[in-house]
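Descriptive analysis of the structure
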Amino acid sequence: NPDIIIKENVFSELSRYLYEHKDVGAVGPIVLNSDNSIAKGFSWPLPKYGRMIFSVEYIMRKLQYLFFNVYTKKQDYFIKNKIPFETGAISGCFFCIKKNALTDIGFFDENTFLYGEETILGFSLRNHGWKVYVDPKVSVIHLGGRSISKTFKSLYQQRELLLQSRLYYMGKYM
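Structure report, in brief. All figures in this text were calculated on a predicted structure; none of them were measured in a lab.

Before going further, it helps to spend a moment on the pattern of salt bridges. Side chains bearing opposite charge may pair, as long as their charged atoms lie close to each other. Across all of its chains, the model carries 5 salt bridges by this definition. Linking Arg126 and Glu86 is a salt bridge whose minimum nitrogen-to-oxygen distance equals 3.4 Å. Of the two residues, Arg126 sits in helix H6 (residues 117-127) while Glu86 sits in strand E4 (residues 85-87), which places them 40 residues apart along the sequence. Take Arg126: its relative accessible area is 40%, and that puts it in the partly exposed class. Among the charged side chains, a network of salt bridges with common partners joins Glu13, Arg16 and Glu20.

Relative to the assigned elements, Ser139 resides in strand E7 (residues 131-142). In this structure Ser139 comes out as buried when scored by relative accessible area, which is 14%. Apart from the residues within four sequence positions on either side, Ser139 is in contact with Lys7, Val10, Pro29, Ile30 and Leu32.

Here we take up the side chain of Ser91. Mapping Ser91 onto the fold places it in the loop between strand E5 (89-90) and strand E6 (96-97). A polar contact of 3.2 Å, which involves the side chain of Ser91, links it to the backbone nitrogen of Cys93.

On to the nonpolar core, then. Counting residues in each nonpolar core, the largest one holds 32 residues, and the members touching the most others are Leu14, Val27, Phe42, Phe94 and Leu125. Excluding residues that lie within four positions of it along the chain, Leu14 makes contacts with Val27, Gly28, Pro29, Phe94, Cys96, Asp135 and Val138.

Cut-offs used in this document
Residues numbered from 1 in each chain as written. Predicted model: local features only at pLDDT ≥ 70, side-chain atom pairs only at ≥ 80, totals over all residues. Heavy atoms only, no water. Salt bridge = Lys/Arg side-chain N within 4 Å of Asp/Glu carboxyl O. Helix = DSSP H or I, 4+ residues; strand = E, 2+ residues; numbered from the N terminus. Buried < 20%, exposed > 50% of the residue type's maximum accessible area, 1.4 Å probe, protein only. Contact = heavy atoms within 4.5 Å. Polar contact = N/O pair within 3.5 Å; in protein donor to acceptor, adjacent residues only side chain to side chain. Core = buried A, V, L, I, M, F, W, Y, C linked by side-chain atoms within 4.5 Å.

If you want it as C-alpha cells, here you go:
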C-alpha cells in the first residue's frame, strides 16, 4: 500500500517467522494508526453468516462489538506480551506470504477489489492447510484511508463495494 510507513526490521522479522514456521502461509505485523495507536481491524477471525450480517450497519456494529469482543481481548493479551497469534485474516495493507502458499491457493480471487480480499485469502490458506499469524514484535504505520479516498470519492461508493464483496464472499466461500 502506498499509505504505509515501514518500520525497521519488519521484512526480516516476518520473513524469519515464515521460515521458522513451516505451517504458516502468511504473517502480518501489528498495524498502527498515524498516532501510533493500534488500528482496529488489523486482524480478524474468518466470518460466519451472523458476523457478516451484523457488521453491515452502524447499530449492528455496536451489537457485534458486544457479542464478538472476546476476540479483541484475546488479541490484546498477545499484543501486550508480544506473543505471535493465529488469526483468520490479516490486513491487506501489509503482510508477507510464502510463494508456495500463494501458488497452492491459486493466487488472489480476482472477483473482489479492495474489500474482502484478505478474508478470502485467509479462508483459502486455511482451506489448503496453511495458518495465518500476526507477529506483534513488529509493526507498520497505516495512514488509513488514503488509498480508498483517492479511488472512491463518495462514502456511498465505498459502502456499495463493501456490500458487494461481502455478498460475494458469502455466496462463494461460506
